[in-house]
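If you want the building blocks of each chain, they are given just below.
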Amino acid sequence: MTSDQGPIYYFCTRQHAYTMGVLLGYYRHGLGDLVRIIPYELAGRLGPVTPGTFIFTDFERLSPARLEAAIALHGRIALLNPGLLRLNDPAIVPRRFDLLKRLKGAGLNDFDVYRLGERKSVRRFPVFVRWESQHEPPLTGLIDGADALEAAIAGLPGHVRQDPDLMIVEYGAAPSADGRFRKYSAYKVGPTIYPQHCFINENWYIKFPGTRFTEADRAESRAYVADNPHATQIERVFALAGIDYGRIDYGIVDGRVQTFEINNNPTVLARPPDWDPGVDYSRYAEMHERALRGIMRRPSGPNLLLGDCSMSVDAMHVDAMHAVRQRIAGFSRRRRLSLRPLKKRLARLFGRG
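Residues numbered from 1 in each chain as written. Predicted model: local features only at pLDDT ≥ 70, side-chain atom pairs only at ≥ 80, totals over all residues. Heavy atoms only, no water.

K.L.:
Which parts of the structure should I look at to understand the sheet that holds strand β1 (residues 8–12)?
P.N.:
Each strand in a sheet pairs with its neighbour through backbone hydrogen bonds, running either in the same direction (parallel) or in the opposite one (antiparallel). Read from one edge of the open sheet, four strands run β2-β1-β3-β4, paired in parallel fashion. Where the open sheet ends on each side, the last strands, each with one partner, are β2 (35–39) and β4 (86–87). Of the strand pairs in this sheet, strand β3 (residues 53–56) and β4 are connected by two bridges, and their pairing is parallel. What sits directly across from I55, in β4, is L87. The strands touched by helix α1 (residues 18–26) are β1 and β2; relative to β2, the strand with the most contacts, the crossing angle is about 150°. (Pairing = 2+ DSSP bridges. Helix = DSSP H or I, 4+ residues; strand = E, 2+ residues; numbered from the N terminus. Contact = heavy atoms within 4.5 Å. Axes fitted to C-alpha atoms, helices over the stretch in contact; angles between N-to-C directions.)

K.L.:
Please explain the packing of aromatic side chains as it appears in this structure.
P.N.:
Any pair of aromatic rings gets described here by the distance separating the centres and the angle formed by the planes. Within this structure, the stated rule accounts for 11 aromatic pairs. When the centroid spacing of 5.6 Å and the interplanar angle of 75° are considered together, the rings of Y10 and Y245 count as edge-to-face. In this pair, Y10 is assigned in strand β1 and Y245 in strand β10 (residues 245–253), connecting sequence segments 235 residues apart. Each member of the pair, Y10 as well as Y245, carries the same accessibility label: buried. The aromatic ring of F97 is capped on one face by R115, whose charged end is 4.0 Å from the ring centroid. One Lys or Arg, R271, reaches over the ring of F331 and ends 4.2 Å from the middle of that ring. (Phe/Tyr/Trp six-rings, centres within 6.5 Å; stacked < 30°, edge-to-face > 60°. Buried < 20%, exposed > 50% of the residue type's maximum accessible area, 1.4 Å probe, protein only. Lys NZ or Arg CZ within 6 Å of the ring centre and 35° of its normal.)

Here's what the structure looks like:
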């Protein structure tokens, strides 16, 4: 670690350490000794840490007790050294439902959200039902009216219907002139906002690019990254949310940003380099590296005592990275196994003289 660059401490759940860990463990960037992942599960055991930058994430995945511990830890850092940069205050960052309500109330989003118990209040259709805290596809397709909404909710398993994590979302997307949909994603890392990608798909719900992703589509996505055309609108959304670190997913309707969500523990890179032939993941690593270096500060003040000193921060980082490597190894095994039957068939075909 260089003397003029303090470390970055990244708090997240151990299971989801891959969001930052793949970047740190598999790409060349010189951040290896400068960024440390601290699983919340181990944070209470922290030993002394050098003053640096602290990023808090993953709030929707924390139990109430663990969230309270994160809030207390954030406050303790502020008390011990008020000048340190702390991104994402766990006491104020809203969950998805509250964020979308806030954006609608401020006139930044045109669509609204409701709890299942508020479904009689829905006046604008279509809508769909989804989880608030899970990053999964919607539980329903688009629903065109109140009766159909009642039927869709009744068709959910009983234990799902009763889950308070469910919410009803008004449809807030719109196709572009070519009839396809676009989902834009951009990161905020302290003062830096940089676009990552534009996914284009035939379907309104977009998790990945469509199968018909042409060279023109790739050029459009590259131009979006280069031009950062929505930075001013995006900054307003992040400011309203009180989020300093995260990724916004949004669409453009009538020239205005319509925010779908802000993930405060976003996946920077999911796969190692060269995972997919012909796909260059390194440019994503370079963009995030530059943004992270922009929030590094010169160390100032004594070491901070944040836990019971039974485990070093380096040991915690090693533990988190072990979980990341296990995850990638699991993906590799599953991919090899999925190709094995095909390889056997080809060997039988071409092995016959």
